[in-house]
Amino acid sequence: MIVFIAILSLIRFNYLPQYIDAWWHLSCANGYIESGGWVGWSWWDYAPWGRPQVYPPFYHFLLVFLKKAGLSSLNAVRVTEIVILPFFFLVMWYVLRKIISPFFSFINLLTLSSFFSFYSSISCNVPASLGLIFGFFCWYFLKKKRWVSCALFLILCFYTHTGVFWIFFISLLFLLGLASYRSELIRIISGVVLGILPLLIHQLKYASYLRFSFTKEIYFLHFSIFLIGIGLFSLFINVRKDFGTLLFLGYLVGSIIVFVKYPFRFFSAQGAIGLALFCSLVCERFLNLIKGNLTKRIFIFTLAFFLFFSHATVDLEEGKPQINFFNSTYYNFLTGKPYALLEARFLFWPQYYYPIVDVIKKNTGPFQIISSNLKITAQIFSSLTQRPTSNSLLWEVKTNLPSEVIYKFAKVIIWIKPPSKKLNFLKNRYKWKNIYENDIAYVFKNPYVKLAVSPTPARLPFKSIYFFLSIFFFIFILDNVKMKKKL
């Protein structure tokens, strides 16, 4: 099944990236390269003012590494989105197999991989997916009683995705009720707090720039009937206070806390793992109650057949609910209709984009600002041209840039068609010159703008980052070699 997932992932290569955040992450990687390392202020966003850079940097460093290894910006993103799917499902299956049982891990793998919305989210949200991988490794080493490795991977999770980190952190808190783990968990938690302190302090420093509210994702929810129905039933009957049940309950509660204002993430993406874990628990318990090998085989086959080919969902498209009886990942791919769904639509059209990229590079200097009437196109062309932009994504982090001046300092403006009264007003006000046009956009140049931003010097140069990563791997290897000798 994991090999099949890898094949399905690979055939999507030319359609990637398929999520708007990928372009913002790529801009961050470009910004770090220009600065020579990590900076706490994204000078490449909402230029020339910029805004705080509070997003964990691990994924951006990974993109930097791939680019320095010779990959183009676009292929660096594509490689991560291709590899993350089979790697995530492999790690999740392996860890749950080791800490619970083979049947449990199989059902969990089948449940989540067949839930198309979740499957898509793993590829679309690479930092969150990497955070989940590190969180699962944290659970694995906790079960193996390798306390140092457990803490290391939880720290790495924090530097990859803050939200996912807090979910796994809360899951560990639920295990404090087990006396056999309590003393070591206190040490792990103390070590993790010390490890995350530098970035946490930086994030708290700019907490006033953060904003939390419902996003447009709320109108495109996908509810798995199996996950919600069986998951809630499992919650009702699972009253045991053992390692697995408490850990999974902690993950579910943590998901509710973290994603309370992001229901798509809870029901259709990362939060769905909590319900899937409880579904797997009740399926395993039911299997153990069945007598006779033939009956057990019939149960497994029926369950697998339903999840593989159906996995029915209730979908909200523009807020209107509808039942989709055949919304399995595998059914969608086998019938050739995955790209009809919102989360799988691609945003890259090379025949339109590359000519605009060439025009931007010919008409701007390396650090001159570009802009667009749409945030997403401003972000796309900023990442492809490595130019700062006065308009940007990641609305959760505010800026002090007044909205009325997003075009004032831009040397080149990409205006997505159709034209409007606002466009005519801005052309006359700033004396824009039309330098290119194709089927999707006009490209204008402001001949009077001379401003160019200066990259902020790195607060943590790449040499220091390589040093800290080397220390991380040294401690990890030492911890595991030491454990093997004890065994």
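Calculation rules
Residues numbered from 1 in each chain as written. Predicted model: local features only at pLDDT ≥ 70, side-chain atom pairs only at ≥ 80, totals over all residues. Heavy atoms only, no water. Pairing = 2+ DSSP bridges. Helix = DSSP H or I, 4+ residues; strand = E, 2+ residues; numbered from the N terminus. Phe/Tyr/Trp six-rings, centres within 6.5 Å; stacked < 30°, edge-to-face > 60°. Buried < 20%, exposed > 50% of the residue type's maximum accessible area, 1.4 Å probe, protein only. Salt bridge = Lys/Arg side-chain N within 4 Å of Asp/Glu carboxyl O. Axes fitted to C-alpha atoms, helices over the stretch in contact; angles between N-to-C directions. Contact = heavy atoms within 4.5 Å. Patch = residues over 30% accessible without salt bridge, like charges linked within 9 Å, V, L, I, M, F, W, Y side chains within 5 Å. Areas by Shrake-Rupley, 256 points an atom, 1.4 Å probe, with all protein chains shown as cover. Parallel < 35°, antiparallel > 145°, perpendicular 65-115°, else oblique. Left-handed = near helix turned anticlockwise from the far one by under 90°.

(A) Expanded view of the pairing of strand β9 (residues 433-437). Across 4 bridges, β9 lies against strand β10 (residues 441-445) in antiparallel orientation. By the bridge assignment for β10, Tyr 436 is matched with Val 443. As consecutive antiparallel partners, β9 and β10 are separated by 3 residues.

(B) How the structure looks around the packing of aromatic side chains. Taken as a whole and judged by the stated rule, the model has 61 aromatic pairs. Aromatic pair Phe 141 and Phe 153: ring centres 5.5 Å apart, planes at 20°, arrangement stacked. You can see Phe 141 sitting in helix α7 (residues 126-143) and its partner Phe 153 sitting in helix α8 (residues 147-158), a full 12 residues away along the chain. In this pair, the class of Phe 141 matches that of Phe 153, namely buried. Between the aromatic rings of Phe 308 and Tyr 330, the centroid separation amounts to 4.3 Å while the plane-to-plane angle is 0°, which identifies the pairing as stacked.

(C) Focus on unusual backbone geometry. In the segment running from Ala 47 into Pro 48, the intervening peptide bond is cis, with an omega of 5°. As for its placement among the helices and strands, Pro 48 is situated in the loop between β2 (41-42) and β3 (51-52). Note the cis peptide between Lys 417 and Pro 418, where omega equals 10°. Among the secondary structure elements, Pro 418 is positioned in the loop between β8 (410-416) and α19 (421-430). Even without a glycine there, the phi angle at Lys 145 is positive, about 60°. Note on placement: Lys 145 falls in the loop between α7 and α8. Look at Gln 386: it is not a glycine, yet its phi comes out positive at around 60°. Within the fold, Gln 386 resides in the loop between α18 (375-385) and β8.

(D) The arrangement of the pattern of salt bridges in detail. Taken as a whole and judged by the stated rule, the model has 3 salt bridges. Asp 45 serves as the salt-bridge partner of Arg 51, at 3.0 Å between the closest nitrogen and oxygen. Asp 45 carries the same exposure label as Arg 51, and that label is buried.

(E) Representation of the sheet that holds strand β7 (residues 369-372) within the structure. Across the sheet, which stays open at both edges, the 4 strands sit in the order β7-β8-β10-β9 with mixed pairing between neighbours. The open sheet has two edge strands with one neighbour each: β7 and β9. Neighbour-to-neighbour, the strand axes of the sheet open up by a mean angle of 25°, direction not taken into account. Where β7 meets β8, 4 bridges bridge the pair, whose relative direction is parallel. For Ile 370, the partnering residue across the bridge sits in β8 and is Val 412. Against the sheet, α18 touches β7 and β8, its axis set at about 150° to β7.

(F) Spotlight on a nonpolar patch on the surface. Where nonpolar side chains cluster on the molecular surface, the patch consists of Val 148, Phe 467, Phe 468, Ile 471, Phe 474, Ile 475 and Leu 478 and spans about 670 Å² of accessible area. The dominant element in the nonpolar patch, judged by the number of residues it contributes, is helix α20 (residues 462-486), at 6 residues. By secondary structure assignment, the location of Ile 471 is in helix α20.

(G) Representation of the packing of α7 against helix α9 (residues 162-173). Closest axis-to-axis distance for the α7/α9 pair is 9 Å, and the angle between their directions is 20°. When the axis of α7 is compared with that of α9, the two are roughly parallel. Pair α7 / α9 crosses with right-handed handedness. Touching Ala 128, Gly 131, Leu 132, Gly 135, Phe 136, Cys 138, Trp 139 and Leu 142 of α7 are Val 164, Phe 168, Ser 171 and Leu 172, all from α9.

(H) Structural detail: the sheet that holds strand β4 (residues 222-224). The 3 strands are arranged β4-β5-β6 in an open sheet whose pairing can be described as antiparallel. At either end of the open sheet lies a strand with only one pairing partner, and these are β4 and β6 (320-324). Neighbour-to-neighbour, the strand axes of this sheet turn through a mean angle of 20°, independent of strand direction. Sheet topology note: the β4/strand β5 (residues 313-317) ladder contains 3 bridges and is antiparallel. Bridge pairing links Ser 224 to Thr 313 in β5.

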